[in-house]
Number of protein chains: 2
Amino acid sequence: MEFNFSDSCLNMRSSEIRNLMKYATRPDIISFSGGMPGNSLFPTEEIDEIYNNLPIDVKRAGFQYGATIGYQPLIESVKNHLRRKGLPVEDNELIITAGSLQSINIITKIFINPGDTILTEYPCFIGATGVFQSFIANLHGIPIDKDGIIIAELDEALKKFPKAKILYLTPYFHNPAGILYSKERKKELLDYLKNKEIIMLEDDCYGDLYFDDADKELCVPMKTIDPENPVICYSSSFSKILGPGMRLGWLLARPEIIAKCELAKQSTDACSSTFTQVIANEFLSQGKMYSYIERMRVEYKNRAVTMMKCLDEFMPPEVKWVKPRGGFYIWVELPEHIDSTEVLKETMKEGAVFVIGKAFDPYDKKNNCFRLAYSHTPPEQIRKGIEIIATVIKRLL
Amino acid sequence: MEFNFSDSCLNMRSSEIRNLMKYATRPDIISFSGGMPGNSLFPTEEIDEIYNNLPIDVKRAGFQYGATIGYQPLIESVKNHLRRKGLPVEDNELIITAGSLQSINIITKIFINPGDTILTEYPCFIGATGVFQSFIANLHGIPIDKDGIIIAELDEALKKFPKAKILYLTPYFHNPAGILYSKERKKELLDYLKNKEIIMLEDDCYGDLYFDDADKELCVPMKTIDPENPVICYSSSFSKILGPGMRLGWLLARPEIIAKCELAKQSTDACSSTFTQVIANEFLSQGKMYSYIERMRVEYKNRAVTMMKCLDEFMPPEVKWVKPRGGFYIWVELPEHIDSTEVLKETMKEGAVFVIGKAFDPYDKKNNCFRLAYSHTPPEQIRKGIEIIATVIKRLL
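All figures in this text were calculated on a predicted structure; none of them were measured in a lab.

1. Regarding the overall build of chain A
Right, on to step 1. Each helix and strand counted, chain A has 14 helices and 14 strands in total.
Right, on to step 2. A burial count over chain A gives 56% of its 397 residues as buried.
Right, on to step 3. For chain A, the share of sequence-separated contacts (at least 6 apart) that also reach a separation of at least 24 residues comes to 77%.

2. Comments concerning the sheet that holds strand β5 (residues 148-149) of chain A
Residues and elements named next belong to chain A.
Right, on to step 1. Read from one edge of the open sheet, eight strands run β2-β9-β8-β7-β6-β3-β4-β5, paired in mixed fashion. Looking at the sheet topology across the chains shown, the edges are occupied by β2 (93-97) and β5.
Right, on to step 2. In the sheet, β2 pairs with strand β9 (residues 249-253) via five bridges, with the strands oriented antiparallel. Among the inter-strand pairings, Glu93 is bridged to a residue of β9, identified as Ala253.
Right, on to step 3. Each of β3 (117-122), β4 (138-145) and β6 (166-169) is contacted by helix α7 (residues 126-134), which is oriented at about 165° to β3, the strand it contacts most.
Right, on to step 4. Contacts from helix α10 (residues 255-266) reach β2, β8 (232-237) and β9, with the element oriented near 25° to β2.

3. Topic: the relation of the copies chain A and chain B
Right, on to step 1. Between the two copies, chain A and chain B, the superposition gives an RMSD of 0.0 Å; the rotation angle is 180° and the shift along the axis is 0.0 Å. A rotation of that kind, with that shift, is consistent with a two-fold axis.
Right, on to step 2. In this assembly, 98% of the residues forming the interface of chain A have copies in chain B that are likewise at the interface, indicating an isologous arrangement.

4. Regarding unusual backbone geometry
Right, on to step 1. Of note, the amide linkage connecting Tyr122 of chain B to Pro123 of chain B takes the cis form, showing an omega dihedral of 0°.
Right, on to step 2. As for its placement among the helices and strands, Pro123 of chain B is situated in the loop between β3 (117-122) and α7 (126-134).
Right, on to step 3. Cis geometry is found at the peptide bond from Asn175 of chain B to Pro176 of chain B, where omega equals 10°.
Right, on to step 4. Here Pro176 of chain B shows up in the loop between β6 (166-169) and α9 (183-193).
Right, on to step 5. Positive phi, close to 60°, is recorded for Ile136 of chain A, a residue that is not glycine.
Right, on to step 6. Relative to the helices and strands, Ile136 of chain A resides in the loop between α7 and β4.
Right, on to step 7. A positive phi angle, close to 60°, is found at Asp364 of chain B, a residue other than glycine.
Right, on to step 8. On the secondary structure map, Asp364 of chain B appears in the loop between β13 (355-356) and β14 (369-373).

5. Let's talk about the interface of chain A and chain B
Right, on to step 1. With 59 residues of chain A in contact, the opposing surface of chain B contributes 58 residues.
Right, on to step 2. The set of elements that each furnish at least two residues to the side of chain A that touches chain B consists of α1 (7-11), α3 (44-52), α4 (56-63), α6 (100-111), α7, α10 and α11 (274-285) of chain A.
Right, on to step 3. For the side of chain A that touches chain B, the per-class residue count stands at 24 nonpolar, 26 polar and nine charged.

6. Here's the deal with the pairing of strand β7 (residues 199-203) of chain B
Residues and elements named next belong to chain B.
Right, on to step 1. By the criterion of burial, β7 is predominantly enclosed, with five of the five residues buried.
Right, on to step 2. Of the two faces of β7, the one lined by Ile199, Leu201 and Asp203 and the one lined by Met200 and Glu202 are each fully buried.
Right, on to step 3. Between the parallel pair β6 and β7, the chain is carried across by α9, and the sense of this crossover is right-handed.
Right, on to step 4. Sheet topology places β7 next to strand β8 (residues 232-237); four bridges connect them, and they run parallel. Note on β8: the bridge partner recorded for Met200 is Ile232.

7. Structural notes on the domain arrangement of chain A
All names here are of chain A.
Right, on to step 1. We note that the domain assignment places domain 1 (8-43 + 290-396) and domain 2 (45-288) within chain A.
Right, on to step 2. Spacing between the C-alpha centres of domain 1 and domain 2 amounts to 24 Å.
Right, on to step 3. Across the boundary between the two partners, domain 1 contributes 34 residues, which contact 38 residues of domain 2.
Right, on to step 4. Listing elements by their share of the side of domain 1 that touches domain 2, those giving two or more residues are α1, α12 (288-314) and β11 (329-333).
Right, on to step 5. Looking at which element gives the most residues to the side of domain 1 that touches domain 2, the answer is α12, with nine residues.
Right, on to step 6. For the side of domain 1 that touches domain 2, the residue count by class is 21 nonpolar, seven polar and six charged.

8. Observations regarding the confidence of the model for chain A
Right, on to step 1. For chain A, per-residue confidence averages 95 on the pLDDT scale, and residues scoring 70 or more make up 97% of the total.
Right, on to step 2. The ipTM assigned to the predicted complex is 0.97, against a pTM of 0.97.

9. Some remarks on the packing of α6 of chain A against α10 of chain A
Residues and elements named next belong to chain A.
Right, on to step 1. In contact at an axis separation of 9 Å, α6 and α10 are set at 105° when each is read in the N-to-C sense. With respect to their mutual orientation, α6 and α10 come out roughly perpendicular. Residues Ile106, Ile107, Lys109 and Ile110 of α6 touch α10, and the partners they reach there are Lys260, Cys261, Ala264 and Lys265.
Right, on to step 2. Tallied by class, the residues present in the contact of α6 with α10 amount to five nonpolar, no polar and three charged.

10. Here's the deal with the sheet that holds β7 of chain B
Residues and elements named next belong to chain B.
Right, on to step 1. An order of β2-β9-β8-β7-β6-β3-β4-β5 is seen for the eight strands of this open sheet, with the pairing classed as mixed. Each end of this open sheet is capped by a strand with a single partner; those strands are β2 (93-97) and β5 (148-149).
Right, on to step 2. Relative to β8, helix α6 (residues 100-111) is tilted by about 150°, and along the sheet it contacts β2, β6, β7, β8 and β9 (249-253).

11. Some details on the environment of Gly70 of chain B
Right, on to step 1. Structurally, the position occupied by Gly70 of chain B is in the loop between α4 (56-63) and α5 (72-84).
Right, on to step 2. Beyond its immediate stretch of four places on either side in the chain, Gly70 of chain B contacts Ile75, Ile95, Ile96, Ser272 and Gln277 of chain B.

12. Some thoughts on the environment of Met308 of chain A
Right, on to step 1. Residue placement: Met308 of chain A occurs in helix α12.
Right, on to step 2. For the pair Met308 of chain A and Ile386 of chain A, spaced 78 residues apart in sequence, the C-alpha to C-alpha distance is 9.6 Å.

13. Examining α10 of chain A
Residue and element names in this part refer to chain A.
Right, on to step 1. Compared with an ideal rise of 1.5 Å per residue, which puts twelve residues at 16 Å, α10 spans 16 Å between its outermost C-alpha atoms and is within 8% of the ideal.
Right, on to step 2. Here α10 lies mainly inside the structure; nine of its twelve residues are buried.
Right, on to step 3. Considered for burial, the residues of α10 that qualify are Ile257, Ile258, Lys260, Cys261, Glu262, Leu263, Ala264, Lys265 and Gln266.

Basis of the calculations
Residues numbered from 1 in each chain as written. Chains lettered and ligands numbered in written order. Predicted model: local features only at pLDDT ≥ 70, side-chain atom pairs only at ≥ 80, totals over all residues. Helix = DSSP H or I, 4+ residues; strand = E, 2+ residues; numbered from the N terminus. Buried ≥ 20, exposed ≤ 12 C-beta atoms within 10 Å, placed from the backbone. Contact = placed C-beta atoms within 7 Å. Pairing = 2+ DSSP bridges. Axes fitted to C-alpha atoms, helices over the stretch in contact; angles between N-to-C directions. Least-squares fit on C-alpha atoms with pLDDT ≥ 70 in both. Nonpolar A, V, L, I, M, F, W, Y, C, P; charged D, E, K, R; others polar. Right-handed = clockwise from strand over helix to strand, strands pointing away. Domains from an automatic or database assignment. pLDDT = per-residue confidence, 0-100. Parallel < 35°, antiparallel > 145°, perpendicular 65-115°, else oblique. Expected span 1.5 Å × (residues − 1).

This is the structure in C-alpha cells:
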C-alpha cells in the first residue's frame, strides 16, 4: 500500500547509516560508535540512595504530569548550576527538555520554515542535522579548525545566505571533531556576530568533562560573555553527567523565546518525565552530581589516553587526529582517497566499529574521516579495537 | 526585540486557556480541570518493590540510551498486553512513545503538510488539536452523539474535504465528552470508511477503565475488527494506568508507517526514557498493572458516582450531562446563552475550577459546555466543588 507522506517525512535522512550502526550491537563487537557513557559508569548507587529516601509526596509528584516548562525544583537546581558557570539566568528563562536533541528540535520548530537556512559547523552532530532536515531546512556547513569555526568561512556563508536564521555550534569537546574552541576564536566569533540577526544555538553537552583543570576556563560558555548580542540560546543535558536514559536536558534563552518553546513542547510531549526530573533534581541539588563528574573526568581521561597511545602505536603515518582534551571523541582523518565506509565494512567483519565521516556532513558526502568514541569502551578492549581498525586502514592505503 | 518566528510557531494555539488553567494549581482550590489520576492513587509501593529488585544490568540499561523504537522487553510486554485485547500485533509494528500526545505528534509529522485537512470529533481532546495546529493543519470538527461520531456528518465533511488525511477519534470514554462508542456505530463507521484513503488514528487511553464488566466488550478497539481496511493507527498510554510522569505510550500501526514514525521520533527526542521504560516493563510483565487497574476501576467509579449524585442534587434542570461509564470525565452542557468562561471566572473566585468548552472546539468557539474531571479529586471534595459550580450557574441563568 502506498501512503501519502508529508514533505517533512520524505526529507528525513535515510536510514543507511543507522542500518550500518545496527551491527554495533552484536555482543562480540568492540564498538567505538555510540556517543554514550559506559554502562558500568552510571551512578546507580547514588540514585538508589536518592530513590529510597524520597518523601512520599515528592515521589507521588514524580508519577504525575508536570508543567510543560519543567518540574520547578529542578528548574531552580539547574539555574543554580548555571549560575556557577556564570550564565545569565536572571535575565533569561529556562525550560527542561527531553535532552539536548529536543532543545534543538523545539528551537528549529519555532524558527524554521521549509527552505530557511541553518548554518552548522562542518563536521556537525548527526542528531542535529537529522532534526534540521526533518524541518526541511537548507543546511550549510562551515569548516572548523583546531580552534573552532573559521570566521572567514562563516563570513562567506552569511554573504551567500544573509537571511540564515540559526548558527548551530558545539564548541566544547565538539561532537564529532573533539575540539575545544580557543578563547580568541570565541571572542572573534562574538565580535563578528554583534548586531547580526542570526541566532546562535550553543550546544554544550560535554563542557563539564574537561580532562585538565587548566582547560576549565576554556569551557566557559559564550552566553556568559555577552548574553544579549548576539542572541544565544544555550542548550545542555544530563545525558553525559547522569545518564541518557533519564532523557533530560535544558535550554536557557530569552523569555520571549522560551515562551514559544513552551508552546512547542506542549504539542510535542506535554512535559518531560517527572519521574526522572525528581531524581535528577536530587542528584544535582544534593551535590552528588559534582562528585560524580569529578570521577568521570578521571575515567574518561584514562580511556582517551589509552586510545591515544594505541593510535600512536598502530596507525600508519598518513592518518591524523586531534588529541582530545575532554568529552567523548577522537576525530580521525584519512588520506582523501580512502572512504571510511569501506574501512568500516572490513573492520565490522573483524570485530570493531565506529561512525563513518559522512554521517556528520550536512551534505552527506565527505567521507575520509571517522569518529571514535572512547567513552563506553573499557580500556582493555580499546587496544584490540584500534589494532583491528589500523590493520584494515594499512591494507586499504 | 522582534524575533522572526516560523509559521508553525505563529499558528500554535494562544495560551489564553492555559493561562486560565494556571489558577487551578492554587492549593486551596477544588480542581476538576486536569485529566489526570489523583496523586494518592499512584502505585508507589509496587514501583518501590520493582525498583529495589531490578538486576544491576537491567538498572544500568535504564540509565543508557535505548533504541528509538523502544526498549525491547517493553515492546514485547506491550505486545502481549495488546494480544489480550485481540489487536493484530503480528502484522503490525509497535513503537514506544513519550505518551499518546507524542504518538499524535509523530503521526501528524509524517502525514501532514501545512493546509492538509484533519477530521476530528467535536468536541476533541485539546492536546490533539494543539498538535494539529502546530503543523498548520486545516481542522474540521464532526459532531458526536451518545453513540459516537455521527456518520452523516462525517460523510458531509469528507465530501467537503475529500483529501482529508487523518480522522482522529477517542472512542472509549471520550475526552472530554465521556461517551463510549456503541457496537453498531463502530460497525457503521468501519463500513463507511472501507476503501477510503483517510487514515484513522484511534486514541485509546481510557479503554481499560470501564466501570462495569458489561461494558468491557464495547471497549474492544476498532483496529481488532478489520485491522487493514480502513488503515488504523492505534495509540494508547501508561498515563492513566501507571502514571503520566513516566511519559510512556505506544503506537501500533502498519510496518511502513512505524518505520517513518521511528525516523520522526529519532529527530524529536532520540528515544523515550529508558529508566521509566524499564520500570513500566516490570509493572506490566509481572502482572502488577492488571491488579492496579482493577483497583482503579472501583476507585474511579466511586468518584464518578459521587459526582453524579452531586450534579443531580445541585444542578438546575436546564443543565445536562452524560452519565459516565468509565474514564475520567463528565461533559456538562449549559443552555446556549451561557458562556462557560463566565461561569469559570466566578467559580474560580469561590474555589472551584474546570475546563471551559471552547478548549475542546477545533474552532475555539463553542463555549456553552465544560468538562469536569472526577479522577483526581477526593470524593469528600467533590460535593463542595459541584455545589460551588451549580450555585454560580443558577445565578447566571
